[in-house]
Amino acid sequence: MSYELKPWHEIPVGSIVPEAGSSKVNKTGSWRMLRPVLNYDKCTHCLICWIFCPDDSIPVSPKERFETDFDYCKGCGICAVECPYNALEMVPEMEIKLKELEEQLG
Ligand code: SF4
Ligand code: SF4
């Protein structure tokens, strides 16, 4: 697949968020192309991923990291890059969706 590079003023408007402070309402997780899949066996709960996540999409307690909040995770992959224990793998959403569909169909 090839893409044509266009100057910014020729790019069609995708969406507009007219109001500030509306991030809870706009579930930006639907933008995600890649999903950070957590390997719980490798995770030491060091919480470094939580510090780096620009979307505050990693729920934590003082001692534990929980599953990513996929309503808001945009799939930037910063958590996977910063994890010192390689506990996160970025997997294409399409791959995961196809697997889920196959399981549903039997
Ligand atoms: S940085 Fe890696 S090991 Fe640390 S809490 Fe996050 S996923 Fe777990
Ligand atoms: S992929 Fe990006 S947005 Fe999603 S949890 Fe990791 S750092 Fe946060």
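The coordinates are above.
Remember, predicted model here, so these are calculated numbers, not experimental data.

(A) Representation of the overall build of the chain within the structure. On a plain count of helices and strands, the chain comes out with three helices and two strands. Ordered by position from the N terminus, the helices and strands of the chain form the series β-α-α-β-α. Its C-alpha atoms give the chain a radius of gyration of 17 Å, clearly above 13 Å, the size a compact globule of 106 residues would have. In terms of its C-alpha atoms, the chain occupies a principal-axis envelope of roughly 45 × 40 × 25 Å. Residues classed as buried in the chain amount to 25% of the 106 residues present. Of the contacts formed within the chain by residues at least 6 apart in sequence, a portion of 64% connects residues at least 24 apart. Working note: accessible area of the chain is about 8400 Å², and carbon and sulfur atoms make up 58% of it.

(B) Broad picture of the packing of aromatic side chains. Scanning the entire structure with this criterion turns up zero aromatic pairs. Positioned over the ring face of Phe70 is Arg35, at 5.0 Å from the centre of the ring.

(C) How the structure looks around unusual backbone geometry. One non-glycine residue, His45, adopts positive backbone phi at about 60°. Relative to the elements of secondary structure, His45 occurs in the loop between β1 (34-38) and α1 (48-52). Here His45 falls in the partly exposed class, since its relative accessible area comes to 27%.

The rules behind these values
Throughout, residues of each chain are indexed from 1 in the direction in which the sequence is written. The naming scheme follows written order: chains are lettered A onward, ligands numbered 1 onward. Confidence filtering applies because this is a predicted model: local features only for residues at pLDDT of at least 70, side-chain atom pairs given and counted only at 80 or more, and all residues used for totals across whole chains, interfaces and linings. With hydrogens and water stripped out, all remaining heavy atoms of the structure feed into the side-chain values. Each helix corresponds to a stretch of at least 4 residues labelled H or I by DSSP, and each strand to a stretch of at least 2 residues labelled E; elements are numbered beginning at the N terminus. As defined in this context, the radius of gyration uses C-alpha atoms, and a globule is described by 2.2 Å times the residue total to the power 0.38. Using a 1.4 Å probe on the protein chains alone, a residue whose accessible area is under 20% of its type maximum counts as buried, one over 50% counts as exposed, and one in between counts as partly exposed. The contact criterion used is simple: two residues touch if any of their non-hydrogen atoms lie within 4.5 Å. Here the accessible surface of atoms and residues is derived via Shrake-Rupley with a 1.4 Å probe, and residues count as covered only by protein chains that are part of the display. In this analysis, rings of Phe, Tyr and Trp, with Trp reduced to its six-membered ring, are considered paired at centre separations within 6.5 Å, and the interplanar angle assigns stacked below 30 degrees, edge-to-face beyond 60, and tilted for intermediate values. Sitting over a ring, as applied to charges here, requires NZ of Lys or CZ of Arg to be within 6 Å of the ring centre and within 35 degrees of the ring normal.

Shape is all these values report; function is a separate question.
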